[in-house]
Amino acid sequence: MPEVVLATQGLTRHFGGLAAVSGVSLEAHMGQLHAVIGPNGAGKSTLINMLSGDLPPTSGRVAINGCDVTGLAAHQISRMGVGRSYQKTNVFLAFTAFENCRLAAQSRRKTSMQFFRPAVNLTEVNRSAEEALAAAGLDGRAGSVASALSHGEQRQLEIAMTLATRPKLLLLDEPLAGMGAEESASMVALLKKLVETHAILLVEHDMDAVFELADRLTVMVDGQVLASGAPAAIRANAEVQEAYLGESHE
Amino acid sequence: MTSRANAILLAVAVLGLAATPFFAEKFYVQFFAKLLIMGIFAMSLDLLLGYTGLVSFGHAAFYGASAYTLAILTPQYQAANFWTSFPIAIAVSATLALVIGFFVVRTHGIYFIMVTLAFAQMLFFLFHDTKIAGGNDGIYIDVRPVAKIGDWQPFNLDNFVHVFYLVLVFFVIVYVLLRVILASPFGRVLVGIKANEARMRSLGFPTFRYKLVAFVIAGAIAGVAGYLSSIQFGVVNPEMMGWHLSGAVMMMVILGGMGTLTGPIIGAAVWMLLELGLQGLPKVGSVDLGKHWQLWMGSFIVLASLLLPNGLLGLGASLLRRIGKQRGKPDA
Amino acid sequence: MEFSTFLIQLLNGVQYGLLLFLVSSGLTLVFGIMGIINIAHGSFYMVGAYLAWSLTGAIGNFWLALPAGIVISVLIGMLLEWLVIRWLYHRDHLYQVLLTYGLILVVEELRSVLWGDDVRGVDIPKILSASIPLTENQSYPVYRLWISAVCLLVAGLMYWVIQKTRLGMMIRAGASNREMVQSLGINIQVVYRVVFAAGLTLAALAGMIAAPVSAVFPGMGNHVLIVCFVVVVIGGMGSVKGALIASLLIGLVDTFGKVVTLAIGGFKVLPELSSMTVYVLMAAILLWRPEGLFGKRL
């Protein structure tokens, strides 16, 4: 059995009286891609926000590498080897692609409370940034300002920044959103490569991509887990068919 | 304008300024010293406003704090020691910034603006309403600090030319220091926080800490400006902590163009020339235009904040672009 | 402390708190509905006081000066919204702060031109000039009770507007969102002008009714503005309920803070130092709930 990188138990989040996520328990393993699917409003983004520390859970526990990280702040969780990407592209638009990744890589230093040494001279950080750009297929665009990149390239940059923080666990929130067929294909290829060296939790709407990539699938409806298992089993699950797959697969 | 072009421009300006005491009258030398002091003050605020995205409306608190420190350290009819009073005054400003920052930096947006102003006004009222250091009249520093090392006195603060050069040296140090800090790993984090704080957190940066340190650095540099101001004018009063000064320095930063470091210096110069010009307006009939200069200044601020979102540097840059475009056009 | 002294201080604290509420509710409403931070708000408290003084002088009757002052304040508010504020709706808070800071200078200087720089006083109107005796040598002025009553009346009126009208519906929805409001079929331009004028008039009204008990002097709005900021930070920006509770809290803390420091200290410096208590309160709230008691978590 591959190493368990992420494990949650009964993760729950209420907004006022409304339960956006309730009682979600799941795991992510090294070298495997665990996809979370479900209709809009199923609580997938809330789930990721709790895993990354952007949102504290109302109850339940999150463990990374066996350590309880429930309630830790986003920056602390990031430093435990968790990298996340956002549904809406969330890069520093005014910076170059390289500087986006350089800053991300700089976060892995013990501290950035260094005041007198030029940041561009941190060779280790520069190398990390270059590697991350290359891994995400952006090595040709290092000098371009992020706002000048195409939508697909910005999505790649989003992943590259995450990689530059050298995470073990990747939390990817709809990396294929808004992409054309060609861009999607290259992103799928990238994810296939990344899963070899990472544990990935993927939230995605593109069912073809999900079934191509996932080693394990969790279906969420109304904040709860409807079914969880191997892709083939999920595809055959009548309940899932009815609740979700049937409608979205016209 | 690139930052290199800025730096070259600034170097020329500094050299030009360094020559002024050789031909200019006392009034102008002192005016330039005051201008440079305001330049230091404005640069310190730019670190927060333009580079970290912290809109502090209480920056005068740290300017005034070091000035009051000198006033309190100066014994009556005697001189304080420059070499001890200067570091102590800066340390007081920095410590105050640390304490106030600890509370205010956890707030965002509009709250930050209000809370910085509220804490600064708290200090203003503390000195204004109580008998500490002369109450609302302020206090004179009768004898300027002495900068003796043993028997040797490298400069004399009673001499306005010496004060001018001291200010000029500090101005250059502060400018270079800020440029170095901004290029450092720390400085890059600040710029990232201004662009998108939440993203910086999810990248693993404990942003509170970085913002707080920026707040302290800016407070300490504001303290340098406050100290220099108090030795130049020999008087310290609550107005040095008041919101009129906080507002004025904010206006200097915006006017010149925030996030450029050079812009705020230009803004400070324009602001002070404007102040001088408006105060010198003549009487027209029974109306004394100069006496009510704040009316014109206020109207100017209203117009400038509507019309100059990127400051004078931004205006200059877009004018240059427009001219460039027209030149580039083929004659049709 | 004797009961009568306690009662007087309690009434003073409540009256100060309610007056603060009048000013700060205007600030918080304008922010909550329009997303505008108006730091010149305190200046209109001063304008109100000067209006009370000059109009009472001109008309010779406080009761006629009051409605005249309200009408003038509304007009000033609408004019200002039309002239400058409406350009600020899509701008960063930074520019709103700067522009309204410029307004402070303009208003303060116009005050100097129109009314001079002297400290003025307004007589308490005859009907309310009496005092209610509490003990042999202690009494409470009726006018201060009347101030509290007016503030409560305005608070009640605001409650009615917020709970029962369409405008109130938007306020409750926290609608600084133009599309949503427009989808309700409301002309947003008119609403904003009315709300800005109303907010400004609340500050001016507070200045008018406070004029007979506090002196009328240049810069009198500055301190009030800062305390209003403290109120809004504690209560939560945009929350009228928060403003009411925080205002009363600060009124009481400030009043009793002075009494307690006087009782235990006796130092000459301390009574002034006691005005720091409200800032200490604000600092504590910032640690506990940086978004205020009734603010939305950011």
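What comes next is a walk through the structure.

About the criteria used
Residues numbered from 1 in each chain as written. Chains lettered and ligands numbered in written order. Predicted model: local features only at pLDDT ≥ 70, side-chain atom pairs only at ≥ 80, totals over all residues. Heavy atoms only, no water. Pairing = 2+ DSSP bridges. Helix = DSSP H or I, 4+ residues; strand = E, 2+ residues; numbered from the N terminus. Buried < 20%, exposed > 50% of the residue type's maximum accessible area, 1.4 Å probe, protein only. Polar contact = N/O pair within 3.5 Å; in protein donor to acceptor, adjacent residues only side chain to side chain. Contact = heavy atoms within 4.5 Å. Expected span 1.5 Å × (residues − 1). Bend = angle between axes of the 7 residues up to and from the residue. Buried area = accessible area lost by both parts, 1.4 Å probe. Salt bridge = Lys/Arg side-chain N within 4 Å of Asp/Glu carboxyl O. Axes fitted to C-alpha atoms, helices over the stretch in contact; angles between N-to-C directions. Parallel < 35°, antiparallel > 145°, perpendicular 65-115°, else oblique. Left-handed = near helix turned anticlockwise from the far one by under 90°. Nonpolar A, V, L, I, M, F, W, Y, C, P; charged D, E, K, R; others polar. Phe/Tyr/Trp six-rings, centres within 6.5 Å; stacked < 30°, edge-to-face > 60°. Lys NZ or Arg CZ within 6 Å of the ring centre and 35° of its normal.

A look at the pairing of strand β2 (residues 18–24) of chain A
Remark: a regular strand shows side chains that alternate across the two faces of the sheet.
Here comes step 1: Direction of pairing for strand β1 (residues 4–15) of chain A relative to β2(A): antiparallel, over a ladder of four bridges. Within β2(A), the position partnered with R13(A) by the bridge is V21(A).

Observations concerning the side chain of T100(C)
Residue and element names in this part refer to chain C.
Here comes step 1: Note that T100 resides in helix α4 (residues 93–115).
Here comes step 2: A residue is classified by how much of its surface remains accessible, and T100, at 0% relative accessible area, is buried.
Here comes step 3: For T100, the side chain forms a polar contact with the main-chain oxygen of V97, separated by 3.2 Å.
Here comes step 4: Beyond its immediate stretch of four places on either side in the chain, T100 contacts I37, N38, I39, A40 and I85.

Quick notes on helix α1 (residues 3–34) of chain C
Residues and elements named next belong to chain C.
Here comes step 1: With 32 residues, α1 should cover 46 Å at 1.5 Å per step; its first-to-last C-alpha distance of 45 Å lies within 8% of that length.
Here comes step 2: The largest bend in α1 comes to about 25 degrees, at S24.
Here comes step 3: Counting buried positions along α1 gives 23 out of 32 residues, so the element sits mostly inside the fold.
Here comes step 4: G35 sits one or two residues past α1 and shows a positive phi near 70 degrees.

With respect to the interface of chain B and chain C
Here comes step 1: Residue-level contacts link 42 residues of chain B with 45 residues of chain C.
Here comes step 2: Summing the contributions of chain B and of chain C, the shared interface buries around 4100 Å²; its carbon and sulfur component is 82%.
Here comes step 3: When residues of chain B are sorted by the area they lose upon contact with chain C, Y111(B), M114(B) and W243(B) head the list and together hold 17% of the total.
Here comes step 4: At the boundary of chain B and chain C, one finds zero salt bridges.
Here comes step 5: Secondary-structure elements contributing two or more residues to the side of chain B that touches chain C are α4 (82–104), α5 (109–129), α10 (243–256) and α12 (293–307) of chain B.

Comments concerning the packing of helix α3 (residues 62–83) of chain C against helix α8 (residues 188–210) of chain C
Each pair of packed helices gets described by two things: the angle between the helix axes and the distance between those axes.
Residues and elements named next belong to chain C.
Here comes step 1: One way to put it is that α3 packs onto α8 with a least axis distance of 8 Å and a crossing angle of 140 degrees. Between α3 and α8, the angle is such that the two are oblique. The handedness of the crossing between α3 and α8 is right-handed. Along the contact surface, α3 presents F62, L66, G69, I70, S73, V74, G77, M78, L80, E81 and W82, while α8 presents Q189, Y192, R193, F196, A197, L200, T201, A204, L205, M208 and I209.
Here comes step 2: Partitioned by chemical class, the residues of the contact of α3 with α8 number 15 nonpolar, five polar and two charged.

Things to note about the arrangement of the chains
Here comes step 1: Ranking the two pairs of chains in contact by number of contacts places chains B and C first.
Here comes step 2: The two partners chain A and chain C share no contact, and the minimum distance between any of their C-alpha atoms is 11 Å.

Let's talk about the interface of chain A and chain B
Here comes step 1: Counting residues at the interface gives 31 residues for chain A and 26 residues for chain B.
Here comes step 2: Together, the buried faces of chain A and chain B total about 2300 Å²; carbon and sulfur atoms form 67% of this surface.
Here comes step 3: It is H75(A), F92(A) and F115(A) in chain A that bury the most area against chain B; as a group they hold 26% of the surface buried on that side.
Here comes step 4: Linking chain A to chain B there are two salt bridges.
Here comes step 5: At the surface where chain A touches chain B, the tally comes to 18 residue pairs in polar contact (both at pLDDT 80 or more).
Here comes step 6: At the level of elements, α2 (74–79), α3 (97–106) and α5 (151–164) of chain A are the ones that each hand at least two residues to the side of chain A that touches chain B.
Here comes step 7: Among the elements that line the side of chain A that touches chain B, the one with the most residues is α3(A), at five residues.
Here comes step 8: The residue inventory of the side of chain A that touches chain B, partitioned by class, reads 13 nonpolar, ten polar and eight charged.

What about the packing of aromatic side chains?
Here comes step 1: In total, this model carries 35 aromatic pairs over all chains according to the counting rule given.
Here comes step 2: Seen from their ring centres, F112(B) and F215(B) are 6.2 Å apart, and the 85 degrees between their planes marks the pair as edge-to-face. Of the two residues, F112(B) sits in helix α5 while F215(B) sits in helix α9 (residues 207–233), which places them 103 residues apart along the sequence. F215(B) carries the same exposure label as F112(B), and that label is buried.
Here comes step 3: Three or more aromatic residues joined by ring pairs make a cluster, and in this case those are F82(B), W83(B), F86(B), F155(B), F170(B) and Y227(B).
Here comes step 4: Of note, R106(B) hangs over the ring of F102(B), and the distance from its end group to the ring centre comes to 4.7 Å.
Here comes step 5: Positioned above the aromatic ring of Y95(C), the side-chain terminus of R91(C) is 4.8 Å from the ring centre.

Structural notes on the sheet that holds strand β10 (residues 216–221) of chain A
Residue and element names in this part refer to chain A.
Here comes step 1: Ordered in space as β7-β8-β9-β4-β10-β11, the six strands form an open sheet in which the pairing is mixed. Strands with a single pairing partner mark the edges of an open sheet, and in this sheet they are β7 (82–85) and β11 (224–229). Strand-to-strand, the axes of this sheet are offset by a mean angle of 15 degrees, without reference to chain direction.
Here comes step 2: Relative to strand β9 (residues 199–203), strand β8 (residues 169–173) is paired through five bridges, and the arrangement is parallel. Bridging from a neighbouring strand, L170 pairs with I200 of β9.
Here comes step 3: Against the sheet, helix α1 (residues 44–52) contacts β4 (33–37), β7, β8, β9 and β10, and its axis sits at roughly 150 degrees relative to β8.

Regarding the packing of helix α2 (residues 26–52) of chain B against α9(B)
All names here are of chain B.
Here comes step 1: Contact geometry for α2 and α9: axes closest at 9 Å, N-to-C directions at 170 degrees. Between α2 and α9, the interaxial angle falls into the category roughly antiparallel. Residues Q30, A33, K34, I37, I40, F41, S44, L47, L48 and T52 of α2 lie in contact with α9, whose contacting residues are K211, A214, F215, I217, A218, I221, A222, A225, L228, S229, Q232 and F233.
Here comes step 2: Per-class residue counts for the contact of α2 with α9 are 15 nonpolar, five polar and two charged.

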